[in-house]
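# Coordinate analysis (summary)
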Amino acid sequence: MSELKKEVSPNESLKRPEESGDSSSKPNKKRKSVGFKAEEQDPEFIASAPEAISLKLVRSRPDVDDSSTSFNPSYTLFFFKDEKINGYKGLNVNLFYTALSMDSYLGCNYESKHSPADNIPKLLMKELPADVQPLSNLDSFLELVDKDQASMPTPPGQLMSTYTPVSDSAPATPDAPVFEIYKGSMEDDKVRAYHHKFQVFSLWLIDGARLIEETDNAWEIYMLFEKSTNNGQPHRRLAGYVTVYRFYAWHAQETMYRKRISQFVILPPFQKQGHGLQLFRAIMTDVRSSSDVKDVTVEDPSEQFSVLRDTVNALAAIEFGLERALSARNINKEKLVQLASRLKITTTQVKRLHELFLFKNLDTTNDDEYREFRVLVKRRLHSEYRDQLTDNADEVKEDLAKVYADAEKDYRNVLQSADKWVRLLGLERRD
């Protein structure tokens, strides 16, 4: 059976928008092998880079020795061929970052070394801008940690909104951390300088990510910060960020822009806590306040990110009292465009919402009703995947059946997630 690529499929594997014209969206050039060939080495002296490298956001000195605050990168191919580090036994690579200012320290330790061995600092540093190289002296780094903690500088950009985390397992308390969302653009020198430091996390956490072109002022950055108390001291630390590219919406009747999400990053200490949804909702709220923005798109989203986007769109539809309109049996083209304009999403995303709310009220025991729904969804899928389908009718039927099954599974997950967040956020259904 032929494989189909999802038209809308973060986690975190989001790529640069081609519309921006940024050269960083071009495929990676094949790198030359550095060091000796892996097959010539004793396996004990070949380390898995994702396992050997430990990342950490350091708020205060005690964090340095607290292993519970460490996390591993998801991807290392940008730095290490085949994600292997050769020539070391019992290797540990520590990359520490001051939790707010994003200054860094690199330290390596190992049981024994086999020469020739990969030059770890050189491999890391050759791919990073020269002015953000990590320190090699831990004491110097700790002085920066102390400075960060004492001054707790205000992040660059404009404070957009704040929220207190909510969940079923951890009710809000008076001393709960507050999360702040700041927005800036590359036109702001302070925002650009700050992004210059933390952009490396895209390489660690997004498959195939590239550094964006920071001299392009069309880039906007949304930054998420945790503000809380640590060891009796107030502090902030970076929790995530989103890079968004702004470009003209061609064929619009008036001057309009589109915004495309490129890199959506929630740092591992903050994942699976609802921060992705809160950050995405804040971005959409900001976009809907801009009369010159037509819609928001996402470049090559993962399946997980698609569920997140559908959930955020469903919550907006519920808040705006559009659930009944989206549950109608048929939606004509004019209504489709109106709904897209109201929600600041594409008509394709409106169709997904239409299917979602139809599915919510669907009687799957009614064969005729269920068959009609499947035909509706498969028509959209056939249109979206037309270029990837073969001329073989049996293969097309098989492929569409598989993609439809994935879509139905997504809708179940989205409805479950949306119901949970309606309750947690105290939203009212206006229909």
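Residues numbered from 1 in each chain as written. Predicted model: local features only at pLDDT ≥ 70, side-chain atom pairs only at ≥ 80, totals over all residues. Heavy atoms only, no water.

## Considerations on the overall build of the protein
Of the regular secondary structure elements, the protein holds twelve helices and 14 strands. Across the 431 residues that make up the protein, the buried fraction comes to 49%. Of the roughly 21,700 Å² of accessible surface on the protein, 45% is carried by carbon and sulfur atoms. (Helix = DSSP H or I, 4+ residues; strand = E, 2+ residues; numbered from the N terminus. Buried < 20%, exposed > 50% of the residue type's maximum accessible area, 1.4 Å probe, protein only. Areas by Shrake-Rupley, 256 points an atom, 1.4 Å probe, with all protein chains shown as cover.)

## A word on the pattern of salt bridges
Scanning the model with the defined rule gives 22 salt bridges in all. A salt bridge links Arg258 to Asp295; its shortest N-O distance comes to 2.8 Å. Here Asp295 lies in strand β14 (residues 293-298) and Arg258 lies in strand β13 (residues 257-266), a separation of 37 residues in the sequence. Residue class for Arg258 comes out partly exposed when judged on its relative accessible area of 23%. Notably, a salt bridge pairs Glu355 with Arg380, separated by 2.6 Å at the nearest N-O pair. (Salt bridge = Lys/Arg side-chain N within 4 Å of Asp/Glu carboxyl O.)

## A word on the pairing of strand β7 (residues 104-109)
By the bridge criterion, six bridges tie strand β6 (residues 92-98) to β7 in an arrangement that is antiparallel. When the bridges of β7 are listed, Val93 appears paired with Cys108. Here β6 hands over to β7 after five residues, with Met102 in that stretch at a positive phi of 65°. (Pairing = 2+ DSSP bridges.)

## Some words on the sheet that holds strand β2 (residues 53-58)
Read across the sheet, four strands follow the order β3-β2-β6-β7 without closing on themselves; strand pairing throughout is mixed. Edge positions in the sheet fall to β3 (70-71) and β7, since each has one partner strand and no second. Against the sheet, helix α3 (residues 138-151) contacts β2, β6 and β7, and its axis sits at roughly 30° relative to β6. (Contact = heavy atoms within 4.5 Å. Axes fitted to C-alpha atoms, helices over the stretch in contact; angles between N-to-C directions.)

## Let's talk about the confidence of the model for the protein
For any part of a model where pLDDT is low, the fine detail of the predicted coordinates should not be relied upon. When pLDDT is averaged along the protein, the result is 87; 88% of the residues meet or exceed 70. In the model, residues 1-36 has pLDDT below 50 throughout and makes 102 contacts with residues more than four positions away in sequence or in other chains. (pLDDT = per-residue confidence, 0-100.)

## Notes on the packing of aromatic side chains
Overall, the coordinates contain 22 aromatic pairs when judged by the stated rule. Their ring planes at 35° and their centres at 5.9 Å tell us that Tyr105 and Phe141 sit as a pair that is tilted. Within this pair, whereas Tyr105 is found in strand β7, its partner Phe141 is found in helix α3, the two being separated by 36 residues in sequence. Here the two residues Tyr105 and Phe141 agree in accessibility, since each one is buried. When the centroid spacing of 5.7 Å and the interplanar angle of 90° are considered together, the rings of Tyr182 and Phe225 count as edge-to-face. Taken as a pair, Tyr182 in strand β10 (residues 178-185) and Phe225 in strand β11 (residues 219-230) lie far apart in primary sequence, 43 residues in all. Overall, the relative accessible area of 5% leaves Tyr182 in the buried class. Among the residues examined, Phe225 registers a relative accessible area of 0% and is labelled buried. Within the aromatic cluster, the residues linked to one another by ring pairs are Tyr182, Tyr194, Phe198, Phe225 and Tyr241. Lying over the aromatic face of Tyr370, Arg374 brings its terminal NZ or CZ to 4.7 Å of the ring centre. (Phe/Tyr/Trp six-rings, centres within 6.5 Å; stacked < 30°, edge-to-face > 60°. Lys NZ or Arg CZ within 6 Å of the ring centre and 35° of its normal.)

## As for the side chain of Asp148
Relative to the assigned elements, Asp148 resides in helix α3. Setting aside its immediate chain neighbours within four residues, Asp148 contacts Thr98, Ala99, Leu100, Ser101 and Pro153.

## A short note on the packing of helix α7 (residues 303-319) against helix α12 (residues 393-425)
Relative orientation of the contacting elements α7 and α12 amounts to 50°, with a least axis distance of 9 Å. Viewed along their axes, α7 and α12 adopt a mutual orientation that is oblique. Seen from above, α7 lies across α12 with right-handed handedness. Seen from α7, the contacting residues are Val307, Asp310, Thr311, Ala314, Leu315 and Ile318; seen from α12, they are Asp410, Asn413, Val414, Ser417, Ala418, Trp421, Val422 and Leu425. Tallied by class, residues from the contact of α7 with α12 come to nine nonpolar, three polar and two charged. (Parallel < 35°, antiparallel > 145°, perpendicular 65-115°, else oblique. Left-handed = near helix turned anticlockwise from the far one by under 90°. Nonpolar A, V, L, I, M, F, W, Y, C, P; charged D, E, K, R; others polar.)

## Remarks on α7
Here α7 is 17 residues long and its end C-alpha atoms lie 24 Å apart, about the 24 Å a rise of 1.5 Å per residue gives. Taking burial as the measure, the 17 residues of α7 include 14 buried ones, the bulk of the element. Following α7 by one or two positions, Gly321 has its phi on the positive side, about 70°. (Expected span 1.5 Å × (residues − 1).)

## Considering the nonpolar core
In terms of nonpolar packing, the biggest core is built from 113 residues, with Phe201, Trp204 and Phe264 touching the most fellow members. Every residue in contact with Trp204, bar those within four places of it in the chain, is listed here: Ile53, Leu55, Pro73, Ser74, Tyr75, Thr76, Phe79, Leu95, Tyr97 and Leu124. In this structure, Val64, Phe96, Leu142 and Val145 belong to the second largest nonpolar core, which totals seven residues. (Core = buried A, V, L, I, M, F, W, Y, C linked by side-chain atoms within 4.5 Å.)

## Side note on the side chain of His195
Looking at the element boundaries, His195 is found in helix α4 (residues 189-198). Relative accessible area serves as the criterion here: at 1%, His195 is assigned to the buried category. A distance of 2.8 Å separates polar atoms of two side chains, one belonging to His195 and the other to Glu214. (Polar contact = N/O pair within 3.5 Å; in protein donor to acceptor, adjacent residues only side chain to side chain.)

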